[in-house]
Structures are given as structure tokens and as C-alpha cells.
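# Survey of secondary and tertiary structure
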Amino acid sequence: MSTLSGILLVIHMIGWAIVLGATVTNLRPPRIVKGVTHGALTALVAGILLVGVAEMGDRDVDNVKIAVKLVVALAVTALAIYGARREERATTALVGSVAGLTVLNIAVAVLWR
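Summary of the structure given here. Just so it is clear, the model here is predicted, and its values are computed rather than measured.

It is worth spelling out a nonpolar patch on the surface at this point. Residues Met1, Leu4 and Met56 make up a contiguous nonpolar surface patch of about 340 Å² in total accessible area. With respect to the secondary-structure elements, Met1 resides in the segment before α1 (2–25). When its relative accessible area of 58% is taken as the criterion, Met1 is described as exposed.

Written out as C-alpha cells, the structure is:
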């Protein structure tokens, strides 16, 4: 189980790295590229699978932390899909919000103990 958990964690982190990198590089002019949506969905699915694997094993999971991370991940994914559908919707505030929420999700993962 630890190998599967490690692989899922790497996939999860790569998904968030794609989201953060693509949003920061596309702040000027503001746009949401398809990679942001794919990265957000990858991170979301990998995170859900990671929690499932942890629950199946003998590890305790902080359900409040997971709920906060899930809500933030859903918000990032929804904003990415919204901005990617039509380019005129992608404002600097929208792209900045996706980047900021991604950093928030990473901070919650690292700092919440």
C-alpha cells in the first residue's frame, strides 16, 4: 500500500504543479489554458484516491483537513473549467484566484498538522 500511496502522492503533486505553473505563466495576458483544467482534475482524482488508500490502510486521516482541501480543489477545478470554456471570461482576477487557491491548498497540506 505504501508504494501505491507514494505513486498517487507524486501524481497529485504533479497535478498541482501543472496548475500553479500554467496560471503563473499566463497572468499576462490572462488566460486559462487546457493544461490547468487537466492538472486540476488530475490532482483532484489523485487526492481522492490517496485518501481512499489511506482509509483502507491503518493510517488515521484528518477528515476536517481533507474536507477543506477538497472544497478548495473543487473551487480550483470549477474556476479552471469556467475560464477555459471561453477565453473572454479569463480575467487577471480569475487566473490569480486559481493560482492563489492552489497555493492555499498546498499550504493546508504542508502546514496543517
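Moving on, there is more to tell.
Relative to the helices and strands, Lys65 is located in helix α3 (residues 63–85). Despite its burial, Lys65 pairs with no opposite charge; the closest candidate is Asp62, at 6.4 Å N-O. A polar contact is formed between the side chain of Lys65 and the backbone oxygen of Trp112, at a distance of 3.3 Å. If we skip the residues at most four places from it in the chain, Lys65 touches Val108, Ala109 and Trp112.

It is worth spelling out unusual backbone geometry at this point. In this model, Arg28 is joined to Pro29 through a cis peptide bond whose omega is -15°. For Pro29, the position within the fold is in the loop between α1 and α2 (34–56).

The next point concerns the packing of α1 against α2. When two helices pack together, you describe them by how their axes are tilted relative to each other and by the distance separating the axes. α2 packs onto α1 with a crossing angle of 155° between their chain directions and a minimal axis gap of 8 Å. Considering their axes alone, α1 and α2 lie roughly antiparallel with respect to each other. For the pair α1 and α2, the sense of crossing is left-handed. Across from Leu4, Ser5, Leu8, Leu9, Ile11, His12, Gly15, Trp16, Ile18, Val19, Ala22 and Thr23 in α1, the residues of α2 making contact are Gly35, Val36, Gly39, Ala40, Thr42, Ala43, Ala46, Gly47, Leu49, Leu50 and Val53. Split into classes, the residues belonging to the contact of α1 with α2 amount to 15 nonpolar, 8 polar and no charged.

Tracing the sequence through the fold places Ile81 in helix α3. By relative accessible area, which is 29% here, Ile81 ends up partly exposed.

A few words now on the packing of α1 against helix α4 (residues 92–111). For the pair α1 and α4, the least separation of the axes is 9 Å and the interaxial angle reads 145°. By crossing handedness, the relation of α1 to α4 is classed as left-handed. Here α1 contributes Trp16, Val19, Leu20 and Thr23 to the contact with α4, which in turn contributes Val95, Val98, Ala99, Thr102, Val103, Asn105 and Ile106. In terms of residue class, the contact of α1 with α4 is built from 8 nonpolar, 3 polar and no charged.

Calculation notes
- Residues numbered from 1 in each chain as written.
- Predicted model: local features only at pLDDT ≥ 70, side-chain atom pairs only at ≥ 80, totals over all residues.
- Heavy atoms only, no water.
- Patch = residues over 30% accessible without salt bridge, like charges linked within 9 Å, V, L, I, M, F, W, Y side chains within 5 Å.
- Areas by Shrake-Rupley, 256 points an atom, 1.4 Å probe, with all protein chains shown as cover.
- Salt bridge = Lys/Arg side-chain N within 4 Å of Asp/Glu carboxyl O.
- Helix = DSSP H or I, 4+ residues; strand = E, 2+ residues; numbered from the N terminus.
- Buried < 20%, exposed > 50% of the residue type's maximum accessible area, 1.4 Å probe, protein only.
- Lys, Arg positive; Asp, Glu negative; His and termini not counted.
- Polar contact = N/O pair within 3.5 Å; in protein donor to acceptor, adjacent residues only side chain to side chain.
- Contact = heavy atoms within 4.5 Å.
- Axes fitted to C-alpha atoms, helices over the stretch in contact; angles between N-to-C directions.
- Parallel < 35°, antiparallel > 145°, perpendicular 65-115°, else oblique.
- Left-handed = near helix turned anticlockwise from the far one by under 90°.
- Nonpolar A, V, L, I, M, F, W, Y, C, P; charged D, E, K, R; others polar.

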